[in-house]
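# Examining the three-dimensional arrangement
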Amino acid sequence: PAAGGRAEAMAAPLKRCLVLRRDGREQHGVAASCLRELRDKASGILAIDKAREPITLVLAEDGTIVDDEDYFLCLPSNTKFVALAKNEKWSSKSLDSGTAWLSESADEVDSAAEKWKQLARQLKDDLSNIILMSEEDLQVLIDVPRSDLAEELAQSQTKIQVLQDTLQQVLDRREEERQSKQLLELYLEALKSEDSILSKVAESEPVPREEMDVVDTGTSSTGTSAKTALSDQILAALKDRPAPELCLDSQDLELVLKEDTQALASALRWDKQKAEALQQACDQELSKRLQQVQTLHSLRSTSKGKKTLPWGDWLSSKRRK
């Protein structure tokens, strides 16, 4: 019977897993067909002393103990496990890299590796979340291998190809809109320059420069007492990217709108008028996205009473636009 069980285990498909110690920074890839095989391999790879066995495997995400074979088989590929030796307890605080995606640190490798799965779950819940995503999030999902995304979303690779094409079209449209806005800004700047030149030519006498009344543009270093709650990442996008409202996701747009205008101007070293114009642009972009989502939800509610709009119908409608 033991030999038969061994043969069945060897015949079972291998599942890709990631294992690490409670206080370790290094994670190791392991392929195992059953929970017992994963325990054995984890003990060897992580060099756990025999005297400290048997080890306990827990999910790195929340510390759930995995001791049921059926539950193990239901877990997706690349699930991350923490191996606990005898008398050890799981703690999210003791993990420097195992639960990095639970913190807001953006410089951890694990957070980048798991980000696409979080975004994929958003699409699984509601495809219209595409509209609310940032350009960075859209690119992340476009770059995911089609087979991995198909497995995560439980869809065929053909539909995933259509989905990724749709994501690329949304990204392209935002870039086209950005370029149009840049051209408009250049045109308006040219008009201002032309008006300035004409006004100087029309002047018959030089106007004495008044040195007493200085207009405060908000860029003075003395006006930096106001603090902004926006992250460095959002501020960098606002300052460095043309038409930044197009690259941010909807949550970040809301944060920019809630920010005090003077604090925003100080953080970006802009004058208050430019900060107000940015907030207005963010307001318009957010309103447009929410209106598009509401339109899709209205279509969904009238689509034969279905709770969710079918993947094929949703994607084909997006491609027609």
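Procedures and definitions
Residues numbered from 1 in each chain as written. Predicted model: local features only at pLDDT ≥ 70, side-chain atom pairs only at ≥ 80, totals over all residues. Heavy atoms only, no water. Phe/Tyr/Trp six-rings, centres within 6.5 Å; stacked < 30°, edge-to-face > 60°. Buried < 20%, exposed > 50% of the residue type's maximum accessible area, 1.4 Å probe, protein only. Lys NZ or Arg CZ within 6 Å of the ring centre and 35° of its normal. Helix = DSSP H or I, 4+ residues; strand = E, 2+ residues; numbered from the N terminus. Polar contact = N/O pair within 3.5 Å; in protein donor to acceptor, adjacent residues only side chain to side chain. Pairing = 2+ DSSP bridges. Axes fitted to C-alpha atoms, helices over the stretch in contact; angles between N-to-C directions. Contact = heavy atoms within 4.5 Å. pLDDT = per-residue confidence, 0-100. Salt bridge = Lys/Arg side-chain N within 4 Å of Asp/Glu carboxyl O. Patch = residues over 30% accessible without salt bridge, like charges linked within 9 Å, V, L, I, M, F, W, Y side chains within 5 Å. Areas by Shrake-Rupley, 256 points an atom, 1.4 Å probe, with all protein chains shown as cover. Lys, Arg positive; Asp, Glu negative; His and termini not counted. Charge placed at Lys NZ, Arg CZ, Asp CG, Glu CD.

## Focus on the packing of aromatic side chains
For the structure shown, the criterion picks out 1 aromatic pair. Relative to Phe81, the ring of Phe72 has its centre 6.2 Å away and its plane inclined at 45°; by these criteria the two rings are tilted. Phe72 sits in the buried class, given a relative accessible area of 0%. Relative accessible area serves as the criterion here: at 0%, Phe81 is assigned to the buried category. Looking at Lys15, its charged tip hangs above the ring of Phe72, at a distance of 5.6 Å from the centre. Between the NZ or CZ atom of Lys274 and the centre of the ring of Trp270, over which it lies, the distance is 4.4 Å.

## Brief notes about helix α10 (residues 261-268)
α10 sits mainly inside the fold: 6 of its 8 residues count as buried. Inspection of α10 places Thr261, Ala263, Leu264, Ala265, Ser266 and Leu268 among the buried residues, and these make up the whole buried set. For α10, the N-terminal capping position is held by Asp260, with its side-chain oxygen 3.2 Å away from the main-chain nitrogen of Gln262.

## A closer look at the sheet that holds strand β3 (residues 56-59)
With mixed pairing, the 4 strands of this open sheet are ordered in space as β2-β1-β4-β3. Of all strands in the sheet, those with a lone pairing partner are β2 (28-32) and β3, marking the two edges. Neighbour-to-neighbour, the strand axes of the sheet open up by a mean angle of 40°, direction not taken into account. On top of the sheet, helix α2 (residues 35-45) reaches β1 (15-21), β2, β3 and β4 (79-84); it is set at about 150° to β2, its chief contact.

## A word on unusual backbone geometry
Backbone torsion omega between Glu53 and Pro54 reads 5°, so that peptide bond is classified as cis. By secondary structure assignment, the location of Pro54 is in the loop between α2 and β3. Notably, Ala154 is not glycine yet its phi reads approximately 55°, a positive angle. With respect to the helices, strands and loops of the structure, Ala154 is situated in the loop between α6 (146-153) and α7 (157-202). Relative accessible area serves as the criterion here: at 60%, Ala154 is assigned to the exposed category. The backbone phi angle of Ala243 is positive, close to 45°, even though this residue is not glycine.

## Description of the environment of Arg36
Among the secondary structure elements, Arg36 is positioned in helix α2. Look at Arg36 and you get partly exposed, because its relative accessible area is 49%. Along the chain, Arg36 and Glu69 lie 33 residues apart, while their C-alpha atoms are 8.5 Å from each other.

## Overview of the confidence of the model for the protein
The predicted model of the protein averages 78 in pLDDT, with 74% of residues at 70 or higher. Ignoring residues within four places in sequence, the model shows residues 96-109, a span with pLDDT below 50, making 27 contacts including any to other chains. Here residues 217-224 is modelled with pLDDT under 50, and outside its nearest four sequence neighbours on either side it reaches 11 contacts, counting other chains as well.

## A few points about the environment of Ile65
Along the chain, Ile65 turns up in the loop between β3 and α3 (69-74). Sequence separation of Ile65 and Trp90 is 25 residues, and the distance between their C-alpha atoms is 9.4 Å.

## Describing the pattern of salt bridges
Counted by the stated rule, this structure contains 14 salt bridges. Residue Lys288 pairs with Glu177 through a salt bridge whose shortest N-O separation is 3.2 Å. Of this pair, Lys288 sits in helix α11 (residues 272-301) while Glu177 is found in helix α7, placing the two residues 111 residues apart along the sequence. Counted as one network, the salt bridges with shared partners bring together Glu135, Glu175, Arg178 and Arg241.

## As for a negative patch on the surface
Among the surface-exposed residues, Asp67, Asp68, Glu69 and Asp70 lie close enough to one another that they form a single negatively charged patch. Among the secondary structure elements, Glu69 is positioned in helix α3. Relative accessible area serves as the criterion here: at 31%, Glu69 is assigned to the partly exposed category.

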